[in-house]
Amino acid sequence: MEFTCPSSAYVHIPFCRRRCFYCDFPISVVGDQRNGSNSAAIAHYVEALCSEIRLTESLGERLKTVFFGGGTPSLLSVAQLNQILDALDQQFGIGTAEISMEVDPGTFNLSQIKGYRNAGVNRVSLGVQAFQPELLKACGRSHTVEDVYASIDLIRQADLENISLDLISGLPNQTLEQWQDSLTKAIALSPQHLSTYDLTIEPTTPFGKQYSPGEKPLPSDELTADLYRTANQVLTAAGYEHYEISNYAQPNYQCRHNRVYWENHSFYGFGMGATSYINGDRTARPRKTREYYSWLEQQGKQTSPLGSIAEVTPSDVLLDTLMVGLRLAEGLNLQNLAQQFGEACIAEVWKCLKPYQQVGWVELVGADNTLLPVGSTLPEVGQLRLANPEGFLFSNVVLVKLFERFDQSGNNA
């Protein structure tokens, strides 16, 4: 089995002012007064992160994408961001890469965001989540609506021209009218990219201890579906391409880094809680600070540092390819699937998915990019995709059926 050589790196910056009520990410809370310029904890973490980067073997490809996620990466000082990028460049090389950074409203000033741009950041993702003060307060966000507009102004003053906004639907007591208002206000800011995430209730979070999905004050299943359909209608009407289940972009502004995941390519992962996917091995770092530092110390003592935790099986690769590829609007290339997994296997995939073509959730596209009628045989050349938006909306139902069929044993692929 052949795997792509990684040319992308995810870097996890775990620090936040506070933990949002829905958040299950591996983070470390530093409070409202701490940031990279005055926090020993952040400075120590950056040193450890750079050590991990230096311990990781380069497999020969220069980095084409780098993504700083969190947490709140905009709590880093400019010097610390430069320190991490220098370590990546020295170890792997950074070409004309897309360098993305998650930033939170109210956590940076003009000098800081200009410094990020000068360091190489050319794409920012602003965590807006909602444009209603009551919803921001309800989900524990540390910023205000005024912070959102001020932050956009600073980003534009810094001449950063690739801006993404994050919004969340399905918040407690959120109405369809509020969601429409958030979408309208987001569009008015003219970002190049928008991500619209449906709230996921994780059991260990404050929301998970308070609420149950589908029960008040969370939206009903019917309202959740209406929120999703509304985002699709409003954003596509405004000229945004719905290119992935939760993501919309103006032409030529799709997130190159996230497409690495959706196309199931290899990537490096660095930092607390990060996962890498290299040569078919997935390595998950510990999610807690002390355990991460202990793990990193052990890796430094090994002859072959950063060894794998779990090797994926052919069945795992198939399921991963189907799961992430069906998130994309273009879906899966049938010729590539057959070459990688065999025609018999792909015939079984279609046997599993064909009933969903009857209800309008799954589509076949021919070699000439035309939609094939229901009942068509599986073409050798073409695409297998979920219908937009109904197939996207019910993607979990489709994926569960695939997992039931192909996760029985390792020899199904």
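Residues numbered from 1 in each chain as written. Predicted model: local features only at pLDDT ≥ 70, side-chain atom pairs only at ≥ 80, totals over all residues. Heavy atoms only, no water.

**Quick notes on the overall build of the protein chain**
Working step 1: Each helix and strand in the protein chain was counted, giving 15 helices and 17 strands.
Working step 2: What you see for the protein chain is a C-alpha radius of gyration of 22 Å, in line with the 22 Å of a compact globule of 413 residues.
Working step 3: Considered along the principal axes of its C-alpha atoms, the protein chain spans approximately 65 × 55 × 40 Å.
Working step 4: The buried share among the 413 residues of the protein chain stands at 52%.
Working step 5: For the protein chain, contacts bridging at least 24 residues in sequence account for 71% of all contacts bridging at least 6.
Working step 6: Just so you have it, the protein chain exposes about 18,400 Å², and 49% of that area is on carbon and sulfur atoms.
Working step 7: Between the averaged position of the 31 positive side-chain charges in the protein chain and that of its 45 negative side-chain charges there is a distance of 5 Å. (Helix = DSSP H or I, 4+ residues; strand = E, 2+ residues; numbered from the N terminus. Rg over C-alpha atoms; globule rule 2.2 N^0.38 Å. Buried < 20%, exposed > 50% of the residue type's maximum accessible area, 1.4 Å probe, protein only. Contact = heavy atoms within 4.5 Å. Areas by Shrake-Rupley, 256 points an atom, 1.4 Å probe, with all protein chains shown as cover. Lys, Arg positive; Asp, Glu negative; His and termini not counted. Charge placed at Lys NZ, Arg CZ, Asp CG, Glu CD.)

**Side note on the side chain of His257**
Working step 1: Checked against the element boundaries, His257 lands in helix α9 (residues 256-262).
Working step 2: With a relative accessible area of 0%, His257 lands in the buried category.
Working step 3: Those residues within four positions of His257 in sequence are excluded, and the remaining contacts are Ser8, Ala9, Tyr10, Thr65, Val66, Phe67 and Glu98.

**Some thoughts on the packing of aromatic side chains**
Working step 1: Inspection of every chain in the model, using the stated rule, returns 17 aromatic pairs.
Working step 2: Both rings, one in Tyr10 and one in Phe67, keep their centres 6.3 Å apart while their planes meet at 25°; by these two values the pair is stacked. Here Phe67 lies in strand β4 (residues 63-70) and Tyr10 lies in strand β1 (residues 8-13), a separation of 57 residues in the sequence. Here the two residues Tyr10 and Phe67 agree in accessibility, since each one is buried.
Working step 3: Members of the aromatic cluster, connected to one another through ring pairs, are Phe15, Tyr45, Tyr292, Tyr293 and Trp295.
Working step 4: Above the plane of the ring of Tyr277 lies Arg282, whose end atom (NZ or CZ) is 3.9 Å from the centre.
Working step 5: The positively charged end of Arg405 is found above the aromatic ring belonging to Phe406, 4.8 Å away from the centroid. (Phe/Tyr/Trp six-rings, centres within 6.5 Å; stacked < 30°, edge-to-face > 60°. Lys NZ or Arg CZ within 6 Å of the ring centre and 35° of its normal.)

**Regarding the side chain of Thr72**
Working step 1: Along the polypeptide, Thr72 turns up in the loop between β4 and α2 (78-91).
Working step 2: On the basis of relative accessible area, Thr72 is assigned to the buried category, the value being 4%.

**What about the sheet that holds β4?**
Working step 1: Reading across from one edge, β9-β10-β8-β7-β6-β5-β4-β1-β11 is the order of the 9 strands in this open sheet, with mixed pairing throughout. Two strands bound the open sheet, and with one partner strand each, they are β9 (241-244) and β11 (268-270). Mean inter-strand twist for the sheet, computed between neighbouring axes without regard to direction, equals 20°.
Working step 2: As judged from the 3 bridges shared by β9 and strand β10 (residues 247-249), these two strands associate in the antiparallel manner. Note that in β10 the partner of His242 across the bridge is Tyr248. (Pairing = 2+ DSSP bridges. Axes fitted to C-alpha atoms, helices over the stretch in contact; angles between N-to-C directions.)

**Structural notes on unusual backbone geometry**
Working step 1: Residues Lys216 and Pro217 are joined by a peptide bond in cis, for which omega reads 5°.
Working step 2: Structurally, Pro217 can be placed in the loop between α7 (206-210) and α8 (221-237).
Working step 3: The linkage connecting Asn388 with the following residue, Pro389, adopts the cis geometry, with an omega of 10°.
Working step 4: Summarising the element assignment, Pro389 is placed in the loop between β17 (383-386) and α14 (390-393).
Working step 5: A positive phi angle, close to 65°, is found at Asp159, a residue other than glycine.
Working step 6: Here Asp159 lies in the loop between α5 (145-157) and β7 (163-169).
Working step 7: The exposed category is assigned to Asp159, whose relative accessible area is 53%.
Working step 8: A positive phi angle, close to 65°, is found at Asn173, a residue other than glycine.

**Quick word on the environment of Leu235**
Working step 1: Topologically, Leu235 is positioned in helix α8.
Working step 2: Counting along the chain gives 51 residues from Leu235 to Thr184, while the straight-line C-alpha distance between them is 8.7 Å.
Working step 3: With near-sequence residues (within four places) excluded, Leu235 lies in contact with Leu183, Ile187, Leu194, Thr196, Tyr240 and Tyr248.

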